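Per-entry structural report
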Amino acid sequence: MIVQALALGLGLASLSATAMAAPAAVPGGSYVITDVTVIPLDTDEVLRHRTVLIRDGKIARIAAQGARTRVEGATVVDGTGKFLIPGFVDAHVHIATEGAIRDSKDPAMAALELGRDHAYDRQVMLSFLKAGVTGAANLGGSAGSDEDLLWLRGQIDQGRIDGPRLYVGKRINGPRAAVAIKPESTPSASRPEAPYTAADGIAAVRRARERGYDFIKPYQFLNRETYQAVVEESRRQGFITTGHLPELGCASCADRAFAFAHPMTNIAHSEELARFARIGSDLSPNDIPALAQAVDDSGVSVTPTLITLKTIVGMYVQREVPSVPGDWIKLVDPVTRLDWTPPANRYLSQAFRDQEGADTFSAGYDFARVLTRELYKRGVRLTVGTDAALPGLAFGVSVQQEMIELREVGLSSLDVLRAASINAHRLFDPDAGSGAVREGERANLVLLDADPLADIQNVSKIAGVFTQGRWLPMAEIDRRLGEGQAFERGLGEQIERLKGARHSAH
Ligand SMILES: [Zn+2]
């Protein structure tokens, strides 16, 4: 696997020999959490005063407090007054790794000195853990970034790097010109990298299988035959699909009924459904029951990404990037901050403001909220996703922001926690148990200092995280993030010099 990554990975030039040669870390170790309240999430139960034994990456035992659970050499974690829940999963992120920086079209950015041992990527992985995020599904990025993530996925699984379990998606999209209603140009010949024939769509899915991706993200510029071929071949290959709904309105496009007759496993934004409700630029709330019915009938699940829409609307209305909660802005690395600043931040551009329908973005957010509530009432399975690091959405904490969004549209706190954990687990890792806090399950867990059922905001009060069975108290996560600060300062200084040089050149 690693050899294959090296052979194919253009973005892996900095892969250090020392990191490669490091022996596989012993997974987990043994831990006993004493007198803790367990919220398993596969039922409505709340189990008070439990002793939980974690061994070799798994939850070995959950017993009543006082039962004989002495384990030689186990680390004891005092769970008194604390709450143990499944770790969170971001079901929609775009993790830009070192490879994404090297893929930059700007040669000066591509040449940034990124240090050794994936220092940049390690900080990002730790910021997920700091927020209790022990799983993250990447919905596509640059070629170099995808290669990095496939490599990081293995390093994290083997305990060599601490981070969330990564699910790496392959984005498959056709050329815009192939579905344009008024084509400005004819597309170049169909190919698996930009397919508009069924054969090339199938080839794209097969390549993703060979390369070891975890799932497929169909994107919206797939025409009818290619969209169907991608969805069906994915199913044959054992892939789940989560992505955008196909573009409507051209001669070779899918229509609304067709998209639901050949459904993906999951729709990656509620906004995609809002797009299906638009006639011209008009958005009618009367369409909500019909859309919710179509979703329900087709059996597809949905990642509403309400915080994403709220953040975009915020940029449109306030003309600035909404503030990041608490101190989290300190964990947003200098390259991402540059992406959040004009001219890189397209959401603050005039072109973005000038596009047709921009004046209804706020209404689109309202529509998505009411629709999400309707989906919830019908029992459609929802997951928490953020589209981080879209400007304003930091990795990790944005998951907590989306949980609050879902609570505000009427999900119970239990169902918010489910959307943020076991629902995504079932979507991306269906063969690895239920993801609940139960004996035999993988120990990806969050220990909270306060009751999340009393107030969903308590999901930010994290005592520590079990990732693949290894305990990382918050102080340890903060210490390691602190160690990476010197590297990030150096990166920030490089970017400042770059901006300075550009300024004086004008
Ligand atoms: Zn996305």
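This text goes with the structure placed above it.
Attention in this report is confined to the structure presented alongside it. Keep in mind the model is a prediction, meaning the values are calculated, not measured.

Here is what the cut-offs are and how they apply
- Residues numbered from 1 in each chain as written.
- Predicted model: local features only at pLDDT ≥ 70, side-chain atom pairs only at ≥ 80, totals over all residues.
- Heavy atoms only, no water.
- Pairing = 2+ DSSP bridges.
- Helix = DSSP H or I, 4+ residues; strand = E, 2+ residues; numbered from the N terminus.
- Donors = N, O, S within 2.8 Å, 3.2 Å for Na, K, Ca; no water.
- Buried < 20%, exposed > 50% of the residue type's maximum accessible area, 1.4 Å probe, protein only.
- Polar contact = N/O pair within 3.5 Å; in protein donor to acceptor, adjacent residues only side chain to side chain.
- Contact = heavy atoms within 4.5 Å.
- Phe/Tyr/Trp six-rings, centres within 6.5 Å; stacked < 30°, edge-to-face > 60°.
- Core = buried A, V, L, I, M, F, W, Y, C linked by side-chain atoms within 4.5 Å.

1. A short note on the sheet that holds strand β9 (residues 215-218)
Read across the sheet, 7 strands follow the order β6-β7-β8-β9-β10-β11-β14 without closing on themselves; strand pairing throughout is parallel. Two strands close off the open sheet at either side, each with one partner strand: β6 (88-93) and β14 (301-302).

2. Quick notes on the coordination of the zinc ion
The protein atoms that coordinate the zinc ion are His92 (NE2), His94 (NE2) and Asp387 (OD), at distances spanning 1.9 to 2.3 Å. Of note, the donors binding the zinc ion are all from one chain and are spaced H-x1-H-x292-D. For His92, a relative accessible area of 0% puts it in the buried group.

3. A look at the side chain of Asp162
Its location among the elements puts Asp162 in the loop between α6 (143-157) and β8 (165-172). By relative accessible area, which is 11% here, Asp162 ends up buried. There is a polar contact of 2.5 Å between the side chain of Asp162 and the side chain of Arg470. Reaching out from Asp162, the side chain makes a polar contact with the side chain of Arg480 at a distance of 2.7 Å. Once residues within four sequence positions are removed from consideration, Asp162 is found in contact with Met125, Leu126, Leu129, Thr467, Arg470, Leu472 and Arg480.

4. Topic: the packing of aromatic side chains
Where two aromatic rings form a pair, the distance of their centres and the angle of their planes describe that pair. The final tally for this structure, using the stated rule, is 10 aromatic pairs. Ring centres of Phe128 and Phe395 lie 5.2 Å apart, and the angle between their planes is 40°; this geometry places the pair in the tilted category. Within this pair, whereas Phe128 is found in helix α5 (residues 119-130), its partner Phe395 is found in the loop between α15 (361-377) and α16 (397-408), the two being separated by 267 residues in sequence. Considered together, Phe128 and Phe395 belong to a single accessibility category, that of buried residues.

5. Some details on the nonpolar core
If you look at the biggest cluster of nonpolar residues, it comprises 103 residues, and the most contacted ones within it are Phe88, Ile95, Leu166, Leu273, Leu375 and Met403. Among the elements that make up this core, the one with the highest residue count is helix α12 (residues 306-318) (7 residues). Counting residues in each nonpolar core, the second largest holds 18 residues, with Ile33, Val52, Leu84 and Ala463 among its members.

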